[in-house]
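# A structural walkthrough
Residue-level listing of the chains:
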Amino acid sequence: MELSGSTTADVAGYLTRRSAIVVPLGSNEQHGALAPLDCDAAVASALCREASARAGVLCAPALPYGSSECHMSFPGTVSLSDPT
């Protein structure tokens, strides 16, 4: 079950049975000319969807931000500072 495609009623029903949620994390940074900026988040999302389906738990949308200071010279990179 994916949180982003669920209604409030769906989630309320889920919460009567379970309270766990899987949150995929991945950065939004350069991967050269052959892969999209969201490659890390897309892979994390796919893995979490499969894992959550097998475990019967809710899967949240990906948080596509990380600490990617070393990639900031590439257009499209989004980076959070370490303190953030």
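### A closer look at the environment of A44
Position of A44 relative to the elements: it lies in helix α2 (residues 39-55). Beyond its immediate stretch of four places on either side in the chain, A44 contacts P24 and L25.

### Remarks on the environment of D10
Mapped onto the elements, D10 comes out in helix α1 (residues 8-15). In this structure D10 comes out as partly exposed when scored by relative accessible area, which is 36%. Sequence-distant contacts of D10, that is, excluding residues within four places in its chain, are made with M1 and G5.

### Some thoughts on the pattern of salt bridges
Considering all chains together, one arrives at 1 salt bridge under this definition. Residue E50 is joined to R54 by a salt bridge in which the shortest nitrogen-to-oxygen separation is 2.8 Å. On the criterion of helical spacing, the pair formed by E50 and R54 is a turn pair, its members being 4 residues apart in helix α2. Residue classification places R54 among the exposed positions, given a relative accessible area of 70%.

### Structural notes on a nonpolar patch on the surface
Together, L3, I21, V23, L25 and L63 give the surface a local cluster of nonpolar side chains, amounting to about 420 Å² of exposed area. With respect to the helices and strands, the residue V23 is situated in the loop between β1 (21-22) and α2. Since its relative accessible area comes to 38%, V23 is described here as partly exposed.

### Side note on the side chain of S79
In this structure, S79 sits in the segment after β2 (58-59). The exposure class assigned to S79 is buried, which follows from its relative accessible area of 19%. Here the side chain of S79 touches E69 through a polar contact of 3.3 Å, side chain to side chain. The contact partners of S79, leaving out residues within four places of it in the chain, are G66, S67, S68, E69 and M72.

Parameters and conventions
- Residues numbered from 1 in each chain as written.
- Predicted model: local features only at pLDDT ≥ 70, side-chain atom pairs only at ≥ 80, totals over all residues.
- Heavy atoms only, no water.
- Helix = DSSP H or I, 4+ residues; strand = E, 2+ residues; numbered from the N terminus.
- Contact = heavy atoms within 4.5 Å.
- Buried < 20%, exposed > 50% of the residue type's maximum accessible area, 1.4 Å probe, protein only.
- Salt bridge = Lys/Arg side-chain N within 4 Å of Asp/Glu carboxyl O.
- Patch = residues over 30% accessible without salt bridge, like charges linked within 9 Å, V, L, I, M, F, W, Y side chains within 5 Å.
- Areas by Shrake-Rupley, 256 points an atom, 1.4 Å probe, with all protein chains shown as cover.
- Polar contact = N/O pair within 3.5 Å; in protein donor to acceptor, adjacent residues only side chain to side chain.

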